[in-house]
Amino acid sequence: MWRPKLMQIPTALEALPGRKEAIPVEPEHFVNGRNITGPCPPGLKEIIVGMGCYWGAERLFWQLPGVEVTSVGYGGGHTRNPTYDEVCSGHTGHAELVRIWFDPAVIPLEAILKVFWENHDPTQGMRQGNDVGTQYRSALYTDSDDDLEIAKASRDKYQQLLSAASYPEITTELRSNVRYFLAETYHQQYLAKNPNGYCGLAGCSVGFPEA
């Protein structure tokens, strides 16, 4: 049944129920062949980011030295194992996300955060440019409370710079230990499969200080 798109996150009772079974996903990263499924591999760290449409955001991170694996998916809402169409309806509460597994000995969390802040506009609420809806909100989900504190400190630092440039308050959702659901294979590494595909990334032209 068609439902109108929401501009606020539904409650758990309002959200679509989803399904028990995970959406089938090809396990190999299209670019580097590594496994994108399961838990974060030993020796690596995980962070999950929402920057609007996940296609361009994923490409941004898989190119970084020290980033071992990326994938796209959904999280931050209520619906179990959602489909792309369900997320786009706004009735799941989920955001479009990129999960990043990185080697902290090669690239520290602060460097990941610098790329995150500089490459989208974190002040736009439930949208990113022309992409409108709750699934396009800015989000930053860590796998530990310690990393969440680092993320919050980076937000506060960037807010000072944005305020000086006359931008409004950052609306980024910051949480730890958020459940993540892989998106359909079609969306994984989309811009490697479709080099001329849509990329909506656009930052604020305000640099973040070096880590």
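The paragraphs below set out a description of the structure included in this document. This one's a predicted model, so the numbers in the text were calculated from it and none came from an experiment. (Residues numbered from 1 in each chain as written. Predicted model: local features only at pLDDT ≥ 70, side-chain atom pairs only at ≥ 80, totals over all residues. Heavy atoms only, no water.)

Things to note about the sheet that holds strand 8 (residues 180-182)
Judged by pairing direction, the sheet is mixed, and its six strands sit side by side in the order 7-6-1-3-2-8 without closing on themselves. Looking at strand neighbours, the two that pair on one side only are strand 7 (173-176) and strand 8, the edges of this open sheet. When strand polarity is set aside, the average angle formed by the axes of neighbouring strands in this sheet is 30°. One ladder, built from eight bridges, connects strand 2 (residues 67-75) with strand 3 (residues 95-102); its direction is antiparallel. When the sheet's bridge partners are listed, T70 is paired in strand 3 with I100. Strand contacts of helix 4 (residues 145-164): strand 1 (45-51), strand 6 (138-142) and strand 7, with the helix running at about 165° to strand 7, the strand carrying the most contacts. (Pairing = 2+ DSSP bridges. Helix = DSSP H or I, 4+ residues; strand = E, 2+ residues; numbered from the N terminus. Axes fitted to C-alpha atoms, helices over the stretch in contact; angles between N-to-C directions. Contact = heavy atoms within 4.5 Å.)

Some points on helix 1 (residues 54-62)
Since the α-helix packs 3.6 residues into each turn, any two residues three or four apart lie on the same face. Within helix 1, eight of the nine residues are buried, leaving the element largely enclosed by the surrounding structure. Looking only at helix 1, the buried set comprises Y54, W55, G56, A57, E58, L60, F61 and W62. Buried positions along helix 1 lie against strand 1, strand 2, helix 2 (84-89), strand 3, helix 3 (109-118) and helix 5 (190-193). (Buried < 20%, exposed > 50% of the residue type's maximum accessible area, 1.4 Å probe, protein only.)

Things to note about the nonpolar core
Counting residues in hydrophobic clusters, the biggest one holds 38 residues, and the most contacted among them are I47, V49, F61, I100, I112 and L140. At the level of elements, strand 1, helix 1, strand 2, strand 3, helix 3, helix 4 and helix 5 are the ones that each hand at least two residues to this core. Here this core gets six residues from one element, more than from any other, and that element is helix 3. What L140 contacts, discounting residues up to four positions off in sequence, is I47, I48, V49, L113, F116, W117, A151, T172, E173, L174 and R175. In this structure, I36, V69, A139 and Y141 belong to the second largest nonpolar core, which totals 12 residues. (Core = buried A, V, L, I, M, F, W, Y, C linked by side-chain atoms within 4.5 Å.)

Structural notes on helix 4
Look at helix 4: 29 Å from first C-alpha to last across 20 residues, which is about the 28 Å you get at 1.5 Å a residue. Among the residues of helix 4, those classed as buried are D147, L148, A151, S154, Y158, Q159 and L162. Seen end-on, helix 4 carries its buried residues on one side only, within an arc spanning 150°. Counted as exposed and oriented over 90 degrees from the buried face of helix 4: D145, D146, Q160 and A164. Looking at the buried positions of helix 4, the neighbouring elements they touch are strand 1, helix 3, strand 6 and strand 7. Of the residues trailing helix 4, S166 is marked for its positive phi of about 70°. (Expected span 1.5 Å × (residues − 1). Arc of directions from axis to C-beta.)

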